[in-house]
Amino acid sequence: MHLTTARSQLNAHTNWVYALAFSPDGTLLASAGWDETIRLWDVAAGALRTTLNGHLAEIYCLAFTPDGQTLASGSHENVIRLWDVATGKPRSELQGHTNVVTCVEFSPDGKRLASGSYDKTVRLWRMDFETQEAVLEGHKQDLYCVSFSRDGETLTSISADTTTKRWNLADRALVTSLEPHARWVHCAALSPDGAICATGYGSRDAIDSPGIGEVILRDTQTGAARGKLRGHENWVYATAFSPDGRLLATGGWDGSVKLWNVADGRELAHLMGHNDIVLALAFSTQGHRLATAGYDQTVCVWDVPVTVAN
């Protein structure tokens, strides 16, 4: 299935867009990137609601609290900023990382924020006092993904060498650690149930090296490969699971976005709306919309086809 028309195309950014996040109720979409701004969009109207200014460097990640009232953003300034969604005003700044903040996620109850960075650490923050609670160390490469379990009792982190670690948050102890693969990855995503890790390949080597354009699904308990998704013609730079875990969206240097059936690895749809590298993907909490963005500075919002979703 080839789709060429997005539900809406949102244009306001003046540089590459690296991060996307839907609000929990799906009414707002946040986008951010190298123009150092965050844009909040009214999804139904396809219109810009407000622009959040305050970062002094490129923004790489975004996350809403479960109640949708607060937005977290991580940047090249090595800081995380918290924003009041209703007013668009900055609320506070979390300092501790010593390099680019690449991923953020709130716990299911909204009481904690986890962050990962190029400084190779995972940090936990208490939202009641907006202070750092713990530093989890052990990764040897840049962090690409942090994800809380559904009960909020464990945290999984994934780094650029595909090392996957699971942490017990009660005592901050490392529970499991999967060894790295030989090849470098550019993005990682964890399924909602925490059972599958999807990593998008690139390589540190030449463009014709093995694995270019490949996505590997791994079992997070054993590290065993659950499938290889092949279809992209160049490096894969973005991966995102649907809320029910049945679909995986991928995007990258070939400018295309693909939707895959996680169970059997079939390519279900090919979205063609960008004319340059795709860097960011996000499903709405309800799973019926997908946002995409990248080098062309355009944010596209797609209706996930019913035939794909079912």
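Here, the structure is the one placed above.
All figures in this text were calculated on a predicted structure; none of them were measured in a lab. (Residues numbered from 1 in each chain as written. Predicted model: local features only at pLDDT ≥ 70, side-chain atom pairs only at ≥ 80, totals over all residues. Heavy atoms only, no water.)

Asker: I'd like to hear about the packing of aromatic side chains, residue by residue, with values.
Answerer: The way to describe two aromatic rings as a pair is by their centre distance and the angle between their planes. In the structure shown here, the tally under the stated rule is seven aromatic pairs. An angle of 40° between the planes, with centres 4.6 Å apart, marks the rings of Trp16 and Trp34 as tilted. With Trp16 in the loop between strand S2 (8-11) and strand S3 (17-22) and Trp34 in the loop between strand S4 (28-33) and strand S5 (37-42), the pair connects residues that are 18 residues apart, well separated along the chain. When the ring of Tyr237 is compared with that of Trp253, the centres are 6.1 Å apart and the planes differ by 25°; the resulting orientation is stacked. You can see Tyr237 sitting in strand S23 (residues 236-241) and its partner Trp253 sitting in the loop between strand S24 (247-252) and strand S25 (257-261), a full 16 residues away along the chain. (Phe/Tyr/Trp six-rings, centres within 6.5 Å; stacked < 30°, edge-to-face > 60°. Helix = DSSP H or I, 4+ residues; strand = E, 2+ residues; numbered from the N terminus.)

Asker: Explain the sheet that holds S24 to me, using residue names and the numbers behind them.
Answerer: Read from one edge to the other, the open sheet built from five strands follows the order S1-S26-S25-S24-S23, with strand pairing classed as mixed. Edge positions in the open sheet fall to strand S1 (2-3) and S23, since each of these has one partner strand only. Of the strand pairs in this sheet, S23 and S24 are connected by five bridges, and their pairing is antiparallel. Its bridge partner lying in S24, Ala240 is registered against Ala249. (Pairing = 2+ DSSP bridges.)

Asker: Lay out the state of the cysteines in plain terms, naming residues and giving numbers.
Answerer: Per the counting criterion, the structure on display carries zero disulfides. Cys103 supplies the cysteine sulfur nearest to Cys145, a cysteine that is in no disulfide, at a spacing of 6.4 Å. (Disulfide = S-S within 2.5 Å.)

Asker: Give me the pattern of salt bridges: which residues, what numbers.
Answerer: Inspection of every chain in the model, using the stated rule, returns 15 salt bridges. Close ionic contact of Arg112 with Glu133 constitutes a salt bridge, the shortest N to O distance being 2.8 Å. Of this pair, Arg112 sits in strand S12 (residues 112-117) while Glu133 sits in strand S14 (residues 131-136), placing them 21 residues apart in sequence. The salt bridge involving Arg172 is made with Glu133; its shortest N-O contact spans 2.8 Å. With Arg172 in the loop between strand S17 (164-168) and strand S18 (173-178) and Glu133 in strand S14, this residue pair connects regions lying 39 residues apart in the sequence. Look at Arg172 and you get partly exposed, because its relative accessible area is 35%. (Salt bridge = Lys/Arg side-chain N within 4 Å of Asp/Glu carboxyl O. Buried < 20%, exposed > 50% of the residue type's maximum accessible area, 1.4 Å probe, protein only.)

Asker: Before we move on, could you go through the sheet that holds S2 and cite the residues and values that matter?
Answerer: In spatial order, the strands read S2-S29-S28-S27; together these four strands make up an open sheet with antiparallel pairing. The open sheet has two edge strands, S2 and strand S27 (278-283), and neither has a second partner. Taken over all neighbouring pairs, the strand axes of this sheet differ in orientation by 20° on average, direction set aside. (Axes fitted to C-alpha atoms, helices over the stretch in contact; angles between N-to-C directions.)

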